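Read off the chains here:
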Amino acid sequence: MWNLLQQKDSLRDLEQPDLDLVTREQLAQHGKSTLTAVLSNAVAAIVVSILFSQQLNFWALGGWASFLLGASIYRLQLGKQTQRAAISRGKALRLKRRLTVNAAVYAHIWGVGIACLLTVAQGTQFGLLAVIGAGQISAGTLTYRHLSEASRAWTFIIFMCLAVGLIARGGFESYGTLVLLSMFAAVLNKNGVDIFNGFVNQLLTRQESNRSAETVKLLLNDFEEQSANWLFSMDQDGLLIDVCDRFAEAADRPKKLLEGSKLTALFADPKDRNHLKRKIAKSIAFRDVPIAIKVGDEKHWWTISARATGPSQRSSKVAMRGVIADITAQKSAEEKVNYMAHFDGLTDLPNRRLFNDTLDRTIRNAQDKDYIALAFFDLDHFKGINDTLGHPIGDKLLQAIARRLDHLSHSGDLLARMGGDEFALLLTGNQAKKAEEIAQTIIKKLGMPFVIDGHDISTGVSIGIAHWNAEIEHPDKLLKYADLALYASKKTGRNRLTFFEQGMDIAAENRRAMENDLRQSIGQQEMRLHYQPLVDIKTLQKTGFEALIRWEHPQRGIVMPDEFIGIAEETGLIVQLGEWVIRKAIEDAAAWGEGLNVAVNLSPSQMRAPNLLSTIVNALARTGLQPHRLELEITESVLMQDSEDNIRLLHQLRDLGVRIALDDFGTGYSSLNYLRSFPFDKIKIDRCFVEAIDTHEDCRVIIRSVINLAKNLGMQTTAEGVERQSQVDQLRLEGCDQVQGYLYGKAAHLDGCTDLRSEDKTTSNLEALTPSDSRPAERESLSDDRRKSA
């Protein structure tokens, strides 16, 4: 029964402004019933005093009444304070706490008094006393209905006191009364919670209506004032004329100071200033030129457009007119997206992408006599630390390790987190010559204990180092050598340093063996497709499935894509393999319900294949699948290579009715530019942003910007890697359309997807998920697994 007393009210998820509003309204509404409540308690106290005046000592009865009188006077004082028009947040919270404490004291006075009287009550006295006790519980629920904490405290304390009194009294009538009283208190508590939630919801609905009305009013005013942009005019000398108030406010400069000054004088960057000077001097029209400007102590970004005036207007001395827009927010979002794409969100170190780019430039620019060393290292037994102390402690440990490593690195070194507990260090020049000494220092320093949230944590580090020479023309080869050396360190005992040696290249032999098996697998029909659901975030119904490939090798067993997709790309087998995936996925989808679509990943190699279009057209025609039920996912790497040809092919596919999605949005170099080059139907938000949406405000801001951008461009959004319900709740709040991840199901064989034939079945019960179902999901798509192996 007491689980009902612990029901959540409507205040848990409110933002601070709404919480302040509810708190003040709680106090105001409660204050209106204070006097009535005190008077009713006084009447009840008089009845009890008269009823037991012959049985109780005068001083005991008088003492109880005195306590009640003191609590009543204090309650009246608090009630008077609630009616004050202006009250700060802090005072409101303190007053609310005092009312709750007063309610608890009040309840103890009544509860203890009635409990004591129950032990001496006789006949009619017992019945009247039980009625008074039940009446006090209901009266408290009513008078404290706007203060949920006080209401629950009142109900719980009086009930417990009465329960103790009835048990102490004993007898059938006492126990029967206790059962009825328990049911009565539970119902009252439930109704009290419902009344309070209704009060909060009604208040917030009224507040939201007021906000909506205010928003409409602001939008109308903004429209009348030429929205958020502002106009400007210049004479033939490039001097500003008729400066408006909006311009002066945006520039944070007096209007008189701007009048007659040069527009270009506002910009500190010589390149920006000279660029505009040349265009203004020649009266050349320009559009959306981005310019950085210093406003106060902050850097803002404007876009400026202008054109020369017609001959009829030049008599007014106006030579050019234009418009300026503040794009600071958009620029900040783009910079944040770019930062997230190149730096690790946990440690703020460069990520794998930035490290690989830097390594590539370093090797391309290296001379024969240059010294370059690459060190790979990861923590020993880090998984055990995560499993025993939890992931939050593991994350803090990684941050502490990153800081310690950063202190050990020198100017010119590049330290990066490559993922998980793996780090990399790029050394050049004299630092590369001292690679062994630096590595030994790292082993020593990281071997010292870390104190994380009171835990003494000791860990080791295994390091593999590969030195560059002129024969290594590609960074992947150096990365491979360092990785092999790291593997050797871990294999030979961990917490040690190993340099790459040619004998470690045995792994390449295994790779060639897999290549031979892969060539035979297609003809021997060893490939299988698994499907992972795409879920509508509003209805929680499956709208389709993403096709993911698996290799069922007779000796190796189930081979995951990250083990063979890279080989398929390098050998050209990816084209043949990709054609089979397309035909098989379309064939399977044709047998599903009409409302279910299928998504297939395309790699850059497939896009370059001359028969890709004909393969898709023939498969659609043969199966009768409607083109709009097929969705092709590409990544930015597809557009980076042969972009004009690829965009032309994408337009041809879209003209057929096939939907095109941009996968892993935000992790590449210029996602926003690609949105301009092709009208995608969908944007898939990469898991690196989704992972921390429920814990990091910066991720929420970025995802909100992406979703708003997609909506304005008429595109859907799908969030990848959803593993927690809190992520779904936040994504739904931000307006995302679809979600995909382990929370809604792993990729399964066609036979394991029991609802592929019906579009009416909803997703499985989320509460049935076990912790193992919610572990971080591996990326399983064709193109992403290829990138992993690369």
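These numbers come from a predicted model, not from an experiment.

S.K.: Summarise the overall build of the chain; cite the residues concerned and give the values.
M.R.: Looking only at helices and strands, the chain features 29 helices and 22 strands. A total of 790 residues make up the chain; the buried ones form 48% of that total.

S.K.: Give a detailed account of the sheet that holds strand 12 (residues 497–499), specifying residues and quantitative values.
M.R.: Taken together, the five strands give an open sheet; going across it, the order is 7-8-6-11-12, and neighbouring strands pair in mixed fashion. Taken across any chain shown, the strands that pair with only one partner, and hence form the sheet edges, are strand 7 (414–419) and strand 12. Along the sheet, successive strands turn relative to each other by an average axial angle of 20°, direction set aside. The pairing of strand 7 with strand 8 (residues 422–428) spans five bridges and is classified as antiparallel. Within strand 8, the position partnered with Leu 414 by the bridge is Leu 426. Running over the sheet, helix 12 (residues 352–364) touches strand 6 (372–380), strand 7 and strand 8 and is turned about 25° from strand 8.

S.K.: Could you give me a rundown of the nonpolar core, with the residues and numbers involved?
M.R.: With 76 residues, the main nonpolar core has Phe 564, Leu 630, Leu 632, Phe 680, Val 722 and Leu 731 as its most contacted residues. If you look at the next biggest cluster of nonpolar residues, it comprises 44 residues, including Ala 92, Trp 110, Tyr 144 and Leu 178.

S.K.: Lay out the packing of aromatic side chains in plain terms, naming residues and giving numbers.
M.R.: Counted under the stated rule, the structure contains eight aromatic pairs. With centroids separated by 6.1 Å and ring planes inclined at 15°, the aromatic side chains of Phe 377 and Phe 423 adopt a geometry described as stacked. Here the residue Phe 377 occupies a position in strand 6, and Phe 423 occupies one in strand 8, the gap between them amounting to 46 residues. The same class applies to Phe 377 and to Phe 423, which are both buried. Ring centres of Tyr 531 and Trp 592 lie 5.2 Å apart, and the angle between their planes is 85°; on these two criteria the pair is classed as edge-to-face. Linking Tyr 531 in strand 13 (residues 527–536) with Trp 592 in the loop between helix 20 (573–589) and strand 16 (597–601), this pair joins segments that are 61 residues apart in sequence. Residue Tyr 531 is classed as buried on the basis of its relative accessible area, which comes to 0%. For Trp 592, a relative accessible area of 5% translates into the label buried. It is Lys 331 that lies over the ring of Trp 301; its NZ or CZ is 4.5 Å from the centre. Above the plane of the ring of Phe 450 lies Arg 404, whose end atom (NZ or CZ) is 3.7 Å from the centre.

S.K.: Before we move on, can you summarise the environment of Ala 599 with the specific residues and values?
M.R.: Relative to the elements of secondary structure, Ala 599 occurs in strand 16. In this structure the C-alpha to C-alpha distance between Ala 599 and Ala 585, which are 14 residues apart in sequence, comes to 8.3 Å. Among residues more than four places away in sequence, those in contact with Ala 599 are Leu 534, Phe 545, Glu 546, Ala 547, Glu 631 and Glu 633.

S.K.: Requested: an account of helix 11 (residues 328–342), with residues and values cited.
M.R.: Each full turn of the α-helix corresponds to 3.6 residues, which orients residues three or four apart in the same direction. Taking 1.5 Å of rise per residue, the 15 residues of helix 11 would be expected to cover 21 Å, and the 21 Å separating its terminal C-alpha atoms lies within 8% of that figure. Listed as buried for helix 11 are Thr 328, Ala 333, Val 337, Met 340, Ala 341 and His 342. In the core, the buried residues of helix 11 are packed alongside strand 4 (298–308), strand 5 (320–326), helix 12, helix 26 (687–690) and helix 27 (697–712).

S.K.: Which residues make up helix 5 (residues 124–143), and what values go with them?
M.R.: Over its 20 residues, helix 5 runs 28 Å from end to end, which matches the ideal 28 Å to within 8%, given 1.5 Å per residue. Those residues of helix 5 that sit buried are Gln 125, Phe 126, Leu 129, Ile 132, Gly 133, Ala 134, Gln 136, Ile 137, Gly 140, Thr 141 and Thr 143.

S.K.: So what about the pattern of salt bridges? Which residues, and what values?
M.R.: Within this structure, the stated rule accounts for 24 salt bridges. Of the charged contacts, one joins Asp 344 and Arg 417 as a salt bridge, the two residues approaching to 3.0 Å between their closest N and O atoms. In this pair, Asp 344 is assigned in the loop between helix 11 and helix 12 and Arg 417 in strand 7, connecting sequence segments 73 residues apart. The two residues Asp 344 and Arg 417 agree in class, both being buried. Ionic pairing is found between Lys 490 and Asp 378, a salt bridge with its closest N-O pair at 3.0 Å. You can see Lys 490 sitting in helix 17 (residues 475–491) and its partner Asp 378 sitting in strand 6, a full 112 residues away along the chain.

S.K.: Tell me about the side chain of His 300, residues and numbers included.
M.R.: Tracing the backbone shows His 300 in strand 4. Given a relative accessible area of 16%, His 300 falls into the buried group. Of note is the side chain of His 300, whose polar atom sits 3.4 Å from the side chain of Asp 326. Aside from chain neighbours lying at most four places away, what touches His 300 is Ile 291, Ala 292, Ile 293, Val 295, Asp 326 and Thr 328.

Thresholds applied
Residues numbered from 1 in each chain as written. Predicted model: local features only at pLDDT ≥ 70, side-chain atom pairs only at ≥ 80, totals over all residues. Heavy atoms only, no water. Helix = DSSP H or I, 4+ residues; strand = E, 2+ residues; numbered from the N terminus. Buried < 20%, exposed > 50% of the residue type's maximum accessible area, 1.4 Å probe, protein only. Pairing = 2+ DSSP bridges. Axes fitted to C-alpha atoms, helices over the stretch in contact; angles between N-to-C directions. Contact = heavy atoms within 4.5 Å. Core = buried A, V, L, I, M, F, W, Y, C linked by side-chain atoms within 4.5 Å. Phe/Tyr/Trp six-rings, centres within 6.5 Å; stacked < 30°, edge-to-face > 60°. Lys NZ or Arg CZ within 6 Å of the ring centre and 35° of its normal. Expected span 1.5 Å × (residues − 1). Salt bridge = Lys/Arg side-chain N within 4 Å of Asp/Glu carboxyl O. Polar contact = N/O pair within 3.5 Å; in protein donor to acceptor, adjacent residues only side chain to side chain.

Structural measurements only, silent on function.
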